[in-house]
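Letter by letter, the chains look like this.
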Amino acid sequence: MSTDVAIEDSIESAAEAVGPAWPLHSFVTANPLAGFEDQPFHEAVAEAEGLLGGNGYPGADVFRAAWETGRVDPAVLESHLSANGYDLEPETSLHRMATGASAETTDAAAPATERVDAILTKWLGVFLDQGQAHWEMPDRESGFYEAFRTVAPHDGEIPGVERVADLPEQPVETIQDCLEECPVGRWRDIFEFHLAALPGWTGFIKRRIDENDDWQSAYPITLAGYLAVRLVLADLFDAPVAPSEAADGGGTESSTGHGDVPLAEVWLRAWEATYRSELVEAVTDASEVATGTAAERTDAQLVFCIDTRSEIIRRYVEAAGDYETHGFAGFFGIPIRYVGYDADVTVDACPPILDAEHRIEDRPAEGADEQNEYDRWHATLEAGKDAIESLKSNAATAFNFVEGAGAGYGTALTARTLLPGRVHDILGFADDSVPDVHEFCDPAFDADEEADHELPAGLTLEERVEYAATAFDLMGWEKFARIVVFAGHASQTANNPYDSSLDCGACAGNPGGPNARVLAAICNDEAVREKLRERGIDVPEDTVFVAGQHNTTTDEVELYAGNVPESHAEDIEQLRADLATARAGATAERAGDMGADPDSGLRETERRASDWAQTRPEWGLAGNAAFVIGPRSLTAGLDLDGRSFLHSYDWHTDPDGDALEAIMLGPMVVTQWINTQYYFATVDNAVYGSGSKVTHNPVGNVGVYQGNGGDLQTGLPLQSLMSADDELYHLPLRLSVVVHAPVECVDGVLSEHEQLTDLLDNGWLSLTVVDPQRDHRALRYESDIEWRPLSEEAAGTPERVHNAAESD
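For clarity, every value in this text was computed on a predicted model and none was experimentally measured.

Observations regarding the overall build of the protein
1) Next: Along its length, the protein carries 29 helices and 19 strands.
2) Next: By residue count, 54% of the 808 residues in the protein fall in the buried class.
3) Next: Expressed as a percentage of contacts within the protein between residues at least 6 apart in sequence, the contacts between residues at least 24 apart total 72%.
4) Next: Carbon together with sulfur atoms contributes 49% to the accessible area of the protein, which is approximately 34,900 Å² in total.

Right, here's the structure in full:
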């Protein structure tokens, strides 16, 4: 093997320790320790602590608060402590955790390394900029390494910078020169050490390389080029090139002493078991009374995203009328690259674990008056924006513009600061006066033969039929109402760099409305319905599919019902009225969760949506702790407090387990990503989160700094997780998955997919099956596809492992 290949292979292997990071405009919540998921959880967080410096468990104060509020069952805790070799009282174990934290050490080389980080992030920021900078870095099209070689010799902050111009043309040669005195056997550890030094930037570079998007094509960067520059800077600043022996040793855990499992892991398991037993008990009770037969035809069926925020609005929709709600992944099973009308960029509206497969464009209807009105309004708006931007950025006009426009800007700033509710009303009125795109555009399914795109345009009839059938199969549908609504979701915030983190995670941090419109249009197609009938899916003639979008900040559900036939006009009018009633109830609950007066819930959520000083417009997915896969009858009478993802599934209609397999491989994995992002950002926000929004500084349209420089902050901010400086809102629990199906069906899925059993065996999430064929017993996955009754864990009895066949 050549040296070049060895270096590239070592870099690729080392990079696995750093999780990918997405740009803010398409924020994806992902596990920051994704590269460690092949290890048991407690070993992974210990290794990550040594590499990244982050804590992997809640502190003793968090466990104490959970204990004192009754969130940890004493019998369950006692059982877990005993099973792991700890003969300790709860108070003693908490004290040991509190006093057993490792003492901080001082790194004499830290100042030099900090200078390397500061210079490197400056150059990364200007090179990776995505349209924010008015003056671009020269030579970006040559790639990061070559651009640095060309431009950096003019950087007076770099000592010995004249050596940069004489670097080899290939970054791999530079790496080899920098590591000349280091044994080849240590190269991988050295690469990992440097890649983990700025995990935010490294993760962003990894994602950009993997996706190979337009920015990467125009301005390429490689991990080898990045490492070459970093190693050169380390040499010039006399910073460490290799990690110290102490750093190689990984993280510390002073509160073990009894076996391999740390005390914090034992407490976390007991806390999770307590929460899980309460949830599963409620689901089991519902399973015992569920008939499994289809209900009478309801007035409407509404399909929301599985998102935890949907759980709240679904309860109130069901209470408002004779409605049936369902949960489905918010991209509605169609991995599209969406091209909005008059949009400058395309959007991959699908989960990050999938690639977009179809290019879907908004196509205006011929002669639509709404299109002309929309075009006139937006042309005027864009002309105004361009004129203002020109005046602001032109040196000859900037001062006069500020003096002349100051009074108007001052009035607008005052209104937005002091009267955000009124601003919401004004903006809403202006928005209502302009046609929305969905009023004059439809998704284009026919292929454009002349177009030259990376993805095929449109959808064939066979593809449309398959996507519709898959959606109905996954949800176990056999009956259809007169109105069926597919409701995507999006948020509404002002002055919020993290706004996409509140949009649909299944759509890669984008609004889910376009996907809902695509599926509704597919299901309204008579040719598709005819093919569905041939497959045994009989959609009644009077069923109309309608797209919509749930605003998770204000709980408004907008229906895109412009093309609904007159025969269904009254149904739509009644549905809109009932959705308004549901909104009132949901916003009252949300307002209470945010410490506001529930009686002013509707107004409070509108105010927060328009308040540019609001650091917490909504809670997002904070609080998430469970994922329930089963029919709505299991959870319809429960208040799950917005903590559960809910995916509709009926095992009766899934004899081969194909639908369950798709849910466990897709939505279950994505929800685990979301859960771990929230978990780690909560237990150590400085390392795995992004600190306070108050001191965020956006950079390059790709991320934020804390202050005026440093690493990209890739995790969630404090305000998304804490209700006060010393009070957590998100409770850091790993995801508890509950599946309503025969355990043999789940076994069949797990036996075919090692990536799922690895996650379970290593403790990254838990899985409980409520088996309707075994007297509705709850069986918890242990390891190696073996189960035991959950009642043993809940009762605090010693652990006993059973396989499925022995659990009768």
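Don't stop here, the text continues.
Looking at the pattern of salt bridges
1) Next: A full pass over the atoms with the stated rule returns 45 salt bridges.
2) Next: Between R337 and E454 there is a salt bridge; the shortest N-O distance is 3.4 Å. Here R337 is found in strand β3 (residues 336-339), whereas its partner E454 is found in the loop between β6 (441-443) and α19 (461-475), with 117 residues between them in sequence.
3) Next: Residue classification places E454 among the exposed residues on the basis of a relative accessible area of 70%.

Structural notes on α19
1) Next: A rise of 1.5 Å per residue sets the reference length of α19, with its 15 residues, at 21 Å; its end C-alpha atoms lie 22 Å apart and thus fit the reference within 8%.
2) Next: Once α19 ends, the next one or two residues include G476, with phi positive near 70°.

Observations regarding the packing of helix α3 (residues 60-68) against helix α14 (residues 263-289)
1) Next: Close contact between α3 and α14 brings their axes to 11 Å; oriented N to C, the two are set at 30°. Judged by the twist between their axes, the crossing of α3 over α14 is left-handed. Note on element contacts: α14 touches α3 through A264, W267, L268 and W271, opposite V62, F63, A66 and W67.
2) Next: Grouping the constituent residues of the contact of α3 with α14 by class yields 8 nonpolar, no polar and no charged.

Parameters at a glance
- Residues numbered from 1 in each chain as written.
- Predicted model: local features only at pLDDT ≥ 70, side-chain atom pairs only at ≥ 80, totals over all residues.
- Heavy atoms only, no water.
- Helix = DSSP H or I, 4+ residues; strand = E, 2+ residues; numbered from the N terminus.
- Buried < 20%, exposed > 50% of the residue type's maximum accessible area, 1.4 Å probe, protein only.
- Contact = heavy atoms within 4.5 Å.
- Areas by Shrake-Rupley, 256 points an atom, 1.4 Å probe, with all protein chains shown as cover.
- Salt bridge = Lys/Arg side-chain N within 4 Å of Asp/Glu carboxyl O.
- Expected span 1.5 Å × (residues − 1).
- Axes fitted to C-alpha atoms, helices over the stretch in contact; angles between N-to-C directions.
- Left-handed = near helix turned anticlockwise from the far one by under 90°.
- Nonpolar A, V, L, I, M, F, W, Y, C, P; charged D, E, K, R; others polar.

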